[in-house]
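# Summary of structural features
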Amino acid sequence: MATEAKPAAPTEDPVKLAEFEARCDRGETIEPKDWMPEKYRRQLTRMMSQHAHSEVVGMLPEGNWITRAPNLRRKMCLIAKVQDEGGHGLYIYCGTETLGTDRAELIDQYLYGTAKYSSIFNYPTLTWADIGVIGWLVDGAAIVNQTMLAHASYGPYARAMIRICKEENFHKRQGYELCATLARGTPAQKAMVQDAVNRWWWPSLMMFGPHDTNSPHSADLLRWKVKQKSNDDLRQRFVNLTVPQAQAIGLTLPDPDLKLDQATGDWKFGEIDWSEFNAVIAGNGPMNRERIAARRKAHEEGAWVREAAAAYAAKHQPAAGQAA
Amino acid sequence: MSTGPNGVGEWPLWEVFTQAPGGKPHEHAGSVHAPDAEIALQNARDVYTRRGEAVSLWVVPSGAIVASAPGDAGPFFDPGNDKPYRHPQFYKTPRGVKVF
Amino acid sequence: MSTPLFEYLLRLGDDRLILGHRNAEWCGHGPILEEDIAVANVALDQTGEAQLLLNLAGQIEGQGRDADQLAYWRDETQFRNLQMLELPRGDFGFTMVRQFLFSAHAHFVLEHLASCPHDDLAGIAAKALKENRYHLRHSSEWVVRLGDGTDESHRRIQAALDELWPWTVELFYEDAVDAALKAEQIAPDQAAIKPKWEAMVTEVLTRATVQPPKGPMRMVGGRKGRHTEHLGHLLAEMQIVARSHPGASW
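Residues numbered from 1 in each chain as written. Chains lettered and ligands numbered in written order. Predicted model: local features only at pLDDT ≥ 70, side-chain atom pairs only at ≥ 80, totals over all residues. Heavy atoms only, no water.

### Topic: the overall build of chain A
Within chain A one finds 14 helices and 2 strands. Counting every atom, chain A has about 13,000 Å² of accessible surface; 55% of that belongs to carbon and sulfur. Computed over 39 positive and 39 negative side-chain charges, the inter-centroid distance for chain A is 4 Å. (Helix = DSSP H or I, 4+ residues; strand = E, 2+ residues; numbered from the N terminus. Areas by Shrake-Rupley, 256 points an atom, 1.4 Å probe, with all protein chains shown as cover. Lys, Arg positive; Asp, Glu negative; His and termini not counted. Charge placed at Lys NZ, Arg CZ, Asp CG, Glu CD.)

### A word on the sheet that holds strand S5 (residues 56-61) of chain B
All names here are of chain B. Overall, antiparallel pairing links the 3 strands, which are arranged S4-S3-S5 in an open sheet. Of all strands in the sheet, those bounded by a partner on one side alone are strand S4 (26-33) and S5. Strand-to-strand twist in this sheet, taken as the mean axis angle between neighbours without regard to direction, amounts to 25 degrees. Lying over the sheet, helix H1 (residues 37-48) contacts strand S3 (13-19), S4 and S5, oriented at roughly 110 degrees with respect to S4. (Pairing = 2+ DSSP bridges. Axes fitted to C-alpha atoms, helices over the stretch in contact; angles between N-to-C directions. Contact = heavy atoms within 4.5 Å.)

### So, the interface of chain C and chain A
If you look at the interface, chain C gives 47 residues, while chain A gives 45 residues. At the boundary of chain C with chain A, total buried surface from both sides reaches about 4,000 Å², with 68% on carbon and sulfur atoms. Three residues stand out in chain C for area buried against chain A, namely Leu33(C), Leu44(C) and Trp250(C), and they jointly supply 19% of the buried area on that side. At the boundary of chain C and chain A, one finds 2 salt bridges. The salt bridge involving Arg103(A) is made with Glu34(C); its shortest N-O contact spans 2.9 Å. At the surface where chain C touches chain A, the tally comes to 15 residue pairs in polar contact (both at pLDDT 80 or more). Breaking the side of chain C that touches chain A down by element, the ones donating at least two residues are helix H1 (4-24), helix H2 (33-61), helix H3 (67-72), helix H4 (92-113), helix H5 (119-147), helix H6 (151-164) and helix H9 (230-244) of chain C. A total of 10 residues in the side of chain C that touches chain A trace back to one element, the largest contributor, which is H2(C). Tallied by class, the residues present in the side of chain C that touches chain A amount to 22 nonpolar, 14 polar and 11 charged. (Buried area = accessible area lost by both parts, 1.4 Å probe. Salt bridge = Lys/Arg side-chain N within 4 Å of Asp/Glu carboxyl O. Polar contact = N/O pair within 3.5 Å; in protein donor to acceptor, adjacent residues only side chain to side chain. Nonpolar A, V, L, I, M, F, W, Y, C, P; charged D, E, K, R; others polar.)

### Re the side chain of His135(C)
All names here are of chain C. Looking at the secondary structure, you find histidine 135 in helix H5. Residue classification places histidine 135 among the buried positions, given a relative accessible area of 2%. At 2.8 Å, the side chain of histidine 135 and the side chain of aspartate 45 are in polar contact. Every residue in contact with histidine 135, bar those within four places of it in the chain, is listed here: Val42, Asp45, Gln46, Glu49, Gln99 and Ser103. (Buried < 20%, exposed > 50% of the residue type's maximum accessible area, 1.4 Å probe, protein only.)

### With respect to the interface of chain B and chain C
Of the residues lining the interface, 14 residues belong to chain B; the matching set on chain C comes to 12 residues. For the pair chain B and chain C, the summed buried area comes to about 1,200 Å², and 54% of that belongs to carbon and sulfur atoms. When the buried surface of chain B facing chain C is broken down by residue, Gln42(B), Arg45(B) and Asp46(B) rank first, second and third, together holding 37% of it. At the surface where chain B touches chain C, the tally comes to 2 salt bridges.

### Brief notes about the confidence of the model for chain A
Residues and elements named next belong to chain A. With 95% of its residues at a pLDDT of 70 or more, chain A has an overall mean of 92. Under a pLDDT of 50 for its full length, residues 1-7 has, in the predicted model, 11 contacts with residues more than four places off or in other chains. Across residues 320-324 the pLDDT falls below 50, and counting only partners more than four positions away or on other chains, this stretch makes 9 contacts in the model. (pLDDT = per-residue confidence, 0-100.)

### Thoughts on the pattern of salt bridges
Summed over the entire model, instances satisfying the criterion amount to 47 salt bridges over all chains. Across the pair Arg235(A) and Asp232(A) runs a salt bridge, and its minimum N-O distance is 2.8 Å. One end of the pair is Arg235(A) and the other is Asp232(A), both in helix H11 (residues 231-248) and 3 residues apart, which spans about a single turn. Here Arg235(A) falls in the buried class, since its relative accessible area comes to 1%. Among the salt bridges present, the one from Lys127(C) reaches Glu131(C), with a minimum N-O distance of 2.8 Å. With Lys127(C) and Glu131(C) both in helix H5 and 4 residues apart, this pair spans about one turn of that helix.

### Here's the deal with a nonpolar patch on the surface
Residues and elements named next belong to chain B. Side chains of Tyr85, Phe90 and Tyr91 sit close together on the surface and give an oily, nonpolar patch of about 350 Å² of accessible area. Along the chain, tyrosine 85 turns up in the segment after helix H2 (73-77). Overall, the relative accessible area of 43% leaves tyrosine 85 in the partly exposed class. (Patch = residues over 30% accessible without salt bridge, like charges linked within 9 Å, V, L, I, M, F, W, Y side chains within 5 Å.)

### Things to note about unusual backbone geometry
For Lys225(A), which is not a glycine, the phi torsion comes out positive at approximately 60 degrees. Checked against the element boundaries, Lys225(A) lands in the loop between helix H10 (218-223) and H11. For Thr209(C), which is not glycine, the phi dihedral falls at a positive 55 degrees. Assignment of secondary structure puts Thr209(C) in the loop between helix H8 (190-207) and H9. Accessibility expressed as a relative area gives 41% for Thr209(C), which makes it partly exposed.

### Details of the environment of Ala180(A)
All names here are of chain A. Mapping alanine 180 onto the fold places it in helix H8 (residues 155-183). Taking relative accessible area as the criterion, alanine 180 reaches 15% and is therefore assigned buried. Here the alpha-carbon distance between alanine 180 and alanine 248, two residues 68 residues apart in the chain, equals 8.8 Å.

### A few points about the packing of aromatic side chains
Going through the model one piece at a time under the given rule, you end up with 19 aromatic pairs over all chains. Residues Trp136(A) and Tyr176(A) carry aromatic rings whose centres are separated by 5.5 Å and whose planes lie at 50 degrees to one another, so their mutual orientation is tilted. Remark: Tyr176(A) occurs in helix H8 and Trp136(A) occurs in helix H7 (residues 129-149); sequence separation between them is 40 residues. Ring pairing ties together the aromatic residues Phe20(A), Trp35(A), Tyr40(A), Tyr154(A) and Trp224(A), which thus form one cluster. When the ring centre of Tyr134(C) is taken as reference, the NZ or CZ atom of Arg45(B) above it lies at 3.5 Å. It is Lys194(C) that lies over the ring of Phe172(C); its NZ or CZ is 5.6 Å from the centre. (Phe/Tyr/Trp six-rings, centres within 6.5 Å; stacked < 30°, edge-to-face > 60°. Lys NZ or Arg CZ within 6 Å of the ring centre and 35° of its normal.)

### A closer look at the packing of helix H5 (residues 72-97) of chain A against H7(A)
Residue and element names in this part refer to chain A. Relative to each other, H5 and H7 sit at 40 degrees, their axes nearing to 12 Å. One element, H5, and the other, H7, form an angle in the oblique class. For H5 against H7, the interelement crossing comes out left-handed. Along the contact surface, H5 presents Leu78, Lys81 and Glu85, while H7 presents Ile131, Ile134, Gly135 and Asp139. (Parallel < 35°, antiparallel > 145°, perpendicular 65-115°, else oblique. Left-handed = near helix turned anticlockwise from the far one by under 90°.)

### Comments concerning the nonpolar core
In this structure, Tyr110(A), Trp128(A), Tyr157(A) and Leu101(C) are the most contacted members of the largest nonpolar core, which totals 193 residues. Looking at this core, the element that brings in the most residues is H4(C), giving 13 residues. With residues up to four places along the chain from it excluded, the contact list for Trp128(A) reads Trp65(A), Ala69(A), Pro70(A), Arg74(A), Leu78(A), Leu178(A), Met192(A), Val241(C) and Trp250(C). (Core = buried A, V, L, I, M, F, W, Y, C linked by side-chain atoms within 4.5 Å.)

### Section: the state of the cysteines
Residue and element names in this part refer to chain A. The tally for this structure, following the rule as stated, stands at 0 disulfides over all chains. Free of any disulfide, cysteine 77 has its nearest neighbouring cysteine sulfur in cysteine 179, separated by 13 Å. Using a relative accessible area of 18% as the deciding quantity, one classes cysteine 77 as buried. (Disulfide = S-S within 2.5 Å.)

Printed below as a string of structure tokens:
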């Protein structure tokens, strides 16, 4: 991200910093105009915009199946879901803008710069069953993460998350319902959904990010109560929730090491292939180039529309944006 | 309209307030970008009322909102804290009066 | 045995199914996030209307077909939608001009149907009329802004209108199906709708500073199952999963 290339943040006023950290410790909400350390602003801008980009790029793998949904009910569910992802991106962009960076600039940072989005969306959707599995596993993982973020110290982020969590519940349920339907369907449908689970399980676990010992931004974000739980804690919670759900509909998760630890009640799982994770993050996943190309195309082909509407507003309401 | 590094600008920002059914007050829902008031209303409708949450919508250019400063929080709001006579619990009703 | 009402409901239902499909293609590819969401809303309304209309068509037909069977298991020549609705989505301007020309016409058709003596159809039409009001507002405001925006947007909107206008003759197509239903006060009289549509369209196009082309209209046949080459491709994509698994539930 462009802001990270700048030299280190100026030394903060120690009195203000102590006061700020005390507020975070007391669980107070930080609002846009409040004093905050530059690093908090930068870290949050990075994290929130990355989250917003992920929602928008996330429209592509699922949008890929809108035109092929196998009945009208599923087609409408899918359109509504992909539309929600766009809405969620929009809510989070608006929240990010309160930190002082314009949405156009944030979008430029991922389309033409080095800003990241969630690695999960760099995998292809190969069959209709992927739509169910994304709703169940990918949205399921996102909900675990977002439920925590609904308590984030930054007010606009927390409020966006509360709205998003309410809406996302439908995503997970429609995904699980879709998987359950396929799992009790024809042999071909059952094979299709099992194959999709096999492909999406590990990338879903990677969504929680690196191990805590290897997560560069985690310490600050935890200290400032942006995050309240570590990557590994959240990942474990997701696995514990998901294993019984898979069992209930007769699907297996592709991990021979998966077993219940009777003492803790946790489902222990095998080691993630971090070389794959790093390759995808570095831009070399199966679909990185296509995703960015598709978003650039939409953005560039839409430029004339954005310019025309602004030109019309300037002609007919010189004070647009100032007065209605 | 501001201009990003690639020359493609962003429309102005509008704050959106939605009113839930049942005579509730308008409440801040979030914001949208729009080139003018009509599109701002349409965008607000599509973005913030997809689940039938509203019976009325306001959109306000973000720049038109005047907000109290964080530094004002004390002087602005604390004086309201030491005036208990503004709350009904301040007043006693005679013994035996159950419903007031 | 195909009755006039069954045929008429297919025409209404297929219009919305096909246009909803084209509009849904924008999801994730719009010019700005707000419009991705707006166009998806229009697509959702239209697909929902198609489902209601095709379900009713199936009931009227009485052979146990529902909306999904009608949508996914008919071939090109059995579709009854207007040809202009199956054309590829084009640029955002083309999508908006098409939506506007269609919604302006649909407004008057639905207004009539909402008070027709067929209760089920009247109920669906009343719902669709409400939804269509917003489609009309959204698309007309965009046609105006793009027509009267920049030189480029003006050129694009004029080009979209030049391409779409000759297809609009089909909006007013009538045959024995319409005659039979007009006799029962169900279908509206297209000759009476035409001047109202023209007035509405002229008003918006004038604000948009664009003009309909003067040339000849197209030969059309959508209502009889004679389509452009685009429809077959659209259906191949739409129907592939359903048809690959006959008898499966989803």
